[in-house]
Amino acid sequence: QVQLVEFGGGLVQTGDSLRLSCAASGLTFSLYAMGWFRQAPGKDREFVAAISRSGTNTFYTESVKGRFTISRDNAKSTVFLQMNSLKPEDTAVYYCAAEYSRLVDLLITSEVGYGHWGQGTQVTVSS
């Protein structure tokens, strides 16, 4: 079965950087569109970033544009989220998500578009 495991969360200060990784297994990774979502305490889970199967196309929520970068290594079945200039409002549990895509350049930005989810990793940014 498909398994997604996130790594790299932690406690950092405002302005610091973190790199999240999500290792996938049980799937042909290069056939899956990938995404990152986050859920802050008391809030709904929200979209952060998406990347197409090929890695050519990416998309970000407005609040992280210019600070976060999503990338993938299909040979290692891993998707990354590089987070720079972190702010306290970035504090959340971060989840990676995967969904099979026939289209090489498809981006999936909706939570309901993903059928596979990781368990999440906590990111806490102190002020």
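Located above this text is the structure these notes cover.
All values reported here derive from a predicted model rather than from experimental measurement.

Chemist: Just give me the short version of the nonpolar core, but keep the residues and values in it.
Modeler: Trp36, Val79, Leu81, Met83 and Tyr94 are the most contacted members of the largest nonpolar core, which has 29 residues in total. Looking at this core, the elements that each hand over two or more residues are strand S3 (18–25), strand S4 (32–39), strand S5 (46–51), strand S7 (68–73), strand S8 (78–83), strand S9 (92–100) and strand S11 (121–126). Grouped together as the second largest cluster of nonpolar side chains are seven residues, Ala33, Ala50, Ala97 and Tyr114 included.

Chemist: Quick rundown of the sheet that holds S8? Include the residues and the values.
Modeler: On the basis of which strands lie adjacent, the open sheet formed by four strands has the order S1-S3-S8-S7 and antiparallel pairing. Looking at which strands have only one partner, the edges of the open sheet turn out to be strand S1 (3–7) and S7. Across the sheet, the mean angle from the axis of one strand to that of its neighbour is 15°, orientation sign disregarded. Alignment of S7 against S8, held across six bridges, turns out to be antiparallel. Bridge pairing links serine 71 to phenylalanine 80 in S8.

Chemist: Report on the pairing of S8, specifying residues and quantitative values.
Modeler: Counting buried positions along S8 yields five of six residues, so the element is predominantly enclosed. Two elements, S3 and S8, share six bridges in a ladder whose sense is antiparallel. Across the sheet, leucine 18 pairs through a bridge with methionine 83, a residue of S8. Here S7 folds back onto S8 in antiparallel fashion, the turn holding four residues, of which serine 77 has a positive phi close to 55°.

Chemist: Tell me about the pattern of salt bridges, and name the residues and values.
Modeler: Considering all chains together, one arrives at five salt bridges under this definition. Two residues, arginine 45 and glutamate 111, come together in a salt bridge whose shortest N-O distance is 2.9 Å. Pair noted here: arginine 45 is in the loop between S4 and S5 and glutamate 111 is in the loop between S9 and strand S10 (116–117), with a separation of 66 residues, a long-range link. For glutamate 111, a relative accessible area of 32% gives the class partly exposed. The salt bridge involving glutamate 62 is made with lysine 65; its shortest N-O contact spans 3.1 Å. For glutamate 62, a relative accessible area of 58% translates into the label exposed. Overall, lysine 65 belongs to the partly exposed group, its relative accessible area being 42%. Here the salt bridges share partners, and the residues they tie into one network are Arg38, Glu46, Arg67 and Asp90.

Analysis parameters
- Residues numbered from 1 in each chain as written.
- Predicted model: local features only at pLDDT ≥ 70, side-chain atom pairs only at ≥ 80, totals over all residues.
- Heavy atoms only, no water.
- Core = buried A, V, L, I, M, F, W, Y, C linked by side-chain atoms within 4.5 Å.
- Buried < 20%, exposed > 50% of the residue type's maximum accessible area, 1.4 Å probe, protein only.
- Helix = DSSP H or I, 4+ residues; strand = E, 2+ residues; numbered from the N terminus.
- Pairing = 2+ DSSP bridges.
- Axes fitted to C-alpha atoms, helices over the stretch in contact; angles between N-to-C directions.
- Salt bridge = Lys/Arg side-chain N within 4 Å of Asp/Glu carboxyl O.

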